[in-house]
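# Reading the structure
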Amino acid sequence: MNTGCESEKHKSKRSVSLPVINSSAGTKPVIADSRTSWWRAAALIALNLLMVAHIIQWKFMGSTVSPIEPSESMYTLQTGAVNAGFIFFTLAILATLIFGRFVCGWACHIVALQDLCAWLLKKLGLKPVAFRSRLLIYVPLITALYMFVWPTVGRFLTKAENESLFPQFTNHLITTDFWATFPPVWVAIPFLFVVGFATVYFLGSKGFCTYGCPYGGFFAVADKFAPGKIRVTDACNQCGHCTATCTSNVKVHQEVNAYGMVVDPGCMKCMDCISVCPNDALYFGFGKPSVAVKKTTKPHYSLTWPEEIAGSIVFVASFFAVWNVYQIVPMLMAIGIAIITTFLALRSWRLLGVDNFAFYGRSLRSDGKFTPAGFAFLLFSTIWIMVGFHSGFIRFHESAGNNAYESLNVPDELALAQADPTHWLDADGTANVATGTYHFRQAARLGLLSNIDAMPKRAWMEFLAGNAEMAERILSKSAEMQTGQARALSLYYRGAILNRLGRSEEAMTSLDLALAERPDLVTALEEKGESLWKMDRKLEAIEAWQAALAKTDALPLATKFLAGALKATGDLRMSQELDQKADILIPSDPFFHWVIATRLDNVGMGELAEKHYSKAIQLNPSFELRRFPRQSRPR
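Bear in mind the structure is a predicted one, so any value in this text is a computation, not a measurement.

### Brief notes about the overall build of the protein
Across its full length, the protein holds 29 helices and 9 strands. Relative to a compact globule of 635 residues, whose C-alpha radius of gyration would be 26 Å, the protein shows 32 Å and is clearly more extended. Judged by the C-alpha coordinates and their principal axes, the protein covers about 110 × 55 × 45 Å. Per-residue burial for the protein yields a buried fraction of 49% across its 635 residues. In the protein, the share of contacts with a sequence separation of at least 24, taken over all contacts with a separation of at least 6, comes to 71%. With the model as given, the accessible surface of the protein reaches about 30,800 Å², and the carbon-plus-sulfur share is 62%. The average position of the 60 basic charges and that of the 52 acidic charges among the side chains of the protein differ by 11 Å.

Below, the structure written as structure tokens:
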């Protein structure tokens with residue numbers, strides 16, 4: 001079968017003759033409607049309704065069975081949390097080893113979406129035609145190995161001598177955070193569009209199953225060992241109705257003629273071929289698996305070998321260009337985008353090199369001249385590929401910025417103790433900050449979307465570079481776009497920076513918002529006490545520090561703040577007790593003492609601050625050479 005996008009020259013070389021199409025009779029052959037398609041449609045609709053019911057039940061009850069999704073198996077293998085998805089995937093593979101790929105055809109919501117898109121296209125008079133590649137067919141298996149085998153291999157390579165190869169398994173069948181491992185809805189919708197409509201339109205029915213689904217990568221291997229196959233009797237007369245009806249792009253008539261059964265692992269046991277056979281020659285039965293059959297038929301492909309190699313390069317480049325760009329494109333969506341990019345690039349290149357070219361029966365180039373449809377196809381392909389190229393540019397800067405961020409070794413508490421932390425950076429740290437700020441700025445300036453995950457990292461880089469005001473503005477913007485813990489942390493860091501800049505009232509507002517998101521964030525309570533103390537609201541500051549200690553008494557900084565506050569209010573006995581208690585909690589680390597000293601100095605508790613400056617210098621005499629903006633250290 002041709003790809004639906006071939007020149008006449010390529011058609012003659014790669015098309016497969018179907019008797020039902022090349023009938024010698026003068027009338028158009030009639031293929032019966034599949035009797036099983038409606039049963040399968042009903043099963044897939046029921047599956048999607050059950051998925052919706054599952055989500056509704058979680059929303060109303062607050063807890064539910066963990067997602068019955070094969071991807072959840074990744075977390076079982078990585079963390080040991082046994083969930084419903086892991087159990088389902090295991091049972092599905094075992095079932096496939098016996099019956100073949102029934103689960104794919106009858107119990108997959110992505111297959112349901114692709115079938116719906118193919119049906120809609122046919123209603124519009126557009127029949128999707130299979131795109132066949134020798135090399136890209138291995139993408140699902142490679143992805144499956146990365147998702148489900150690599151975690152164990154990686155653990156084997158990095159585990160300690162006495163460490164177990166497998167994590168300790170725990171029960172995670174019930175969850176309160178059903179959506180934790182899924183992308184947000186505004187990402188899920190374009191994801192479904194890509195793996196549903198777009199892959200079907202360009203790659204044919206089951207296009208994503210063929211070139212993108214990692215679960216199908218394992219199912220295809222298991223299917224080769226399954227004794228359950230579509231098999232044939234002597235009643236077959238090679239009419240081709242089965243192949244013309246198959247939505248899995250299997251050449252049924254050819255395979256049953258050569259092997260007595262369907263050996264293509266892409267067969268999803270939809271049973272349409274059995275249903276439409278006019279001689280009832282096809283049936284589902286058990287016998288020799290396809291792995292035991294020597295293949296004699298020669299496959300037909302849509303690409304030449306040079307095109308295969310070029311397409312593989314394009315696929316890899318476009319995949320890594322869009323995977324996780326802006327921290328929003330999930331891996332499976334990136335695969336879908338990459339395979340479409342590959343198709344468009346190869347077809348556009350072929351379009352430029354032939355005189356006659358058609359797509360879905362519409363001429364794109366005729367006798368060497370481009371038609372309006374041809375110009376539209378090239379324009380769309382160019383825009384799609386350029387957006388992918390731009391995504392790769394942004395992805396490069398985001399990745400480089402993140403690598404620089406991960407290479408920093410300056411403790412947050414040390415850097416955040418003063419408004420200008422640049423003196424704590426060594427040569428490598430200074431270089432990493434310069435590199436990180438450059439790349440994050442480029443990504444933010446040229447990006448089409450905001451990377452919510454990268455914004456706090458960029459803010460931290462800007463702060464370490466001495467740009468505290470800019471860091472505060474970035475954190476303010478990121479907090480507006482974030483929710484939950486991420487928002488709380490952005491607001492906390494913003495409040496801390498505002499405190500260092502002397503903008504105490506704004507700092508307290510930001511810290512209150514952080515505490516509204518996370519009441520257990522004791523460091524925010526410490527900072528809030530600092531804001532209140534600087535605003536001369538001393539009793540409220542004491543209450544904030546006491547509230548922090550009420551959550552956990554192992555807080556040397558809050559204890560020191562409270563000791564200094566009580567000393568300022570005249571309660572010398574309690575102040576001394578708290579100071580001694582805090583001294584027990586403080587490790588013998590010059591950096592820790594310097595942080596305590598600087599924070600105490602920030603609120604004017606100079607005597608206590610000097611004690612810890614001296615202790616830091618005692619532990620590391622080189623600290624005497626460091627110059628800090630201190631308000632009250634005695635000379």
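We are not done yet, so read on.
### Brief notes about the pairing of strand β8 (residues 362-366)
Across 3 bridges, strand β7 (residues 357-359) lies against β8 in antiparallel orientation. For F359, the partnering residue across the bridge sits in β8 and is R362. Count of turn residues in the β7/β8 antiparallel hairpin: 2 residues, of which Y360 carries a positive phi of about 55 degrees. Where β8 meets strand β9 (residues 369-370), 2 bridges bridge the pair, whose relative direction is antiparallel. Along β9, the bridge assignment pairs R365 with F370. Between β8 and β9, which pair antiparallel and follow one another directly, the connecting turn spans 2 residues, one of which, D367, has a positive phi of 55 degrees.

### Some points on the packing of aromatic side chains
Applying the stated criterion across every chain, the model contains 43 aromatic pairs. A ring pair is formed by F202 and F380, whose centres lie 6.2 Å apart and whose planes are at 20 degrees; its orientation type is stacked. A residue pair is termed long-range when its members are at least 10 positions apart, and F202 in helix α9 (residues 185-203) and F380 in helix α17 (residues 372-406) qualify at 178 residues. Accessibility expressed as a relative area gives 39% for F380, which makes it partly exposed. Where F380 meets W384, the ring centres are 5.9 Å apart and the plane angle is 40 degrees; that geometry is what we call tilted. In this pair, F380 and W384 are both assigned in helix α17, 4 residues apart and thus about one turn of the helix distant. Using a relative accessible area of 23% as the deciding quantity, one classes W384 as partly exposed. An aromatic cluster of at least three residues, connected via ring pairs, comprises F131, F193, F197, Y201, F202, Y211, F343, F359, Y360, F377, F380 and W384.

### A few points about helix α7 (residues 139-148)
Within the span of α7, buried status applies to V139, P140, T143, A144, M147 and F148. The arc that holds every buried residue of α7, seen down its axis, measures 135 degrees, which confines them to one face.

### Focus on the sheet that holds β8
Across a sheet, strands are paired by hydrogen bonds formed along the backbone, either parallel or antiparallel in direction. Across the sheet, 3 strands lie side by side as β7-β8-β9; this open sheet has antiparallel pairing. Two strands lie at the open edges of the sheet, namely β7 and β9, each paired on one side alone. Sheet strands touched by α17: β7, β8 and β9. Its angle to β8, the strand with the most contacts, is close to 95 degrees.

### Considering the environment of L578
Counting through the fold element by element, L578 comes out in helix α27 (residues 572-585). Once residues within four sequence positions are removed from consideration, L578 is found in contact with T559, L562, A563 and L566.

### Topic: the packing of helix α22 (residues 484-500) against helix α24 (residues 522-534)
At a minimum axis separation of 10 Å, α22 and α24 run at an interaxial angle of 30 degrees. Relative to α24, the element α22 is oriented roughly parallel. As α22 packs across α24, the resulting crossing turns out to be left-handed. Of the residues in α24, those touching α22 at Y492, A496, N499 and R500 are T523, A524, E527, E530, S531 and K534.

### Some points on the pattern of salt bridges
In this structure the tally under the stated criterion is 29 salt bridges. Taking the shortest distance from any N to any O, the salt bridge between K206 and D115 comes out at 2.8 Å. Taken as a pair, K206 in the loop between α9 and α10 (207-211) and D115 in helix α6 (residues 109-123) lie far apart in primary sequence, 91 residues in all. Here E527 and R599 are joined by a salt bridge, their closest N and O atoms 3.1 Å apart. Of this pair, E527 sits in helix α24 while R599 is found in helix α28 (residues 590-602), placing the two residues 72 residues apart along the sequence. Through salt bridges with shared partners, one network takes in E469, E472, R494, R503 and E506.

### Quick notes on the state of the cysteines
A complete count under the given rule lists 0 disulfides for this structure. With no disulfide of its own, C239 lies 5.8 Å from the sulfur of C277, the closest cysteine sulfur. Note on C239: relative accessible area 19%, which makes it buried. Between C267, a free cysteine, and C273, which holds the nearest cysteine sulfur, the sulfur-to-sulfur gap is 6.3 Å. Relative accessible area serves as the criterion here: at 9%, C267 is assigned to the buried category.

Analysis parameters
- Residues numbered from 1 in each chain as written.
- Predicted model: local features only at pLDDT ≥ 70, side-chain atom pairs only at ≥ 80, totals over all residues.
- Heavy atoms only, no water.
- Helix = DSSP H or I, 4+ residues; strand = E, 2+ residues; numbered from the N terminus.
- Rg over C-alpha atoms; globule rule 2.2 N^0.38 Å.
- Buried < 20%, exposed > 50% of the residue type's maximum accessible area, 1.4 Å probe, protein only.
- Contact = heavy atoms within 4.5 Å.
- Areas by Shrake-Rupley, 256 points an atom, 1.4 Å probe, with all protein chains shown as cover.
- Lys, Arg positive; Asp, Glu negative; His and termini not counted.
- Charge placed at Lys NZ, Arg CZ, Asp CG, Glu CD.
- Pairing = 2+ DSSP bridges.
- Phe/Tyr/Trp six-rings, centres within 6.5 Å; stacked < 30°, edge-to-face > 60°.
- Arc of directions from axis to C-beta.
- Axes fitted to C-alpha atoms, helices over the stretch in contact; angles between N-to-C directions.
- Parallel < 35°, antiparallel > 145°, perpendicular 65-115°, else oblique.
- Left-handed = near helix turned anticlockwise from the far one by under 90°.
- Salt bridge = Lys/Arg side-chain N within 4 Å of Asp/Glu carboxyl O.
- Disulfide = S-S within 2.5 Å.

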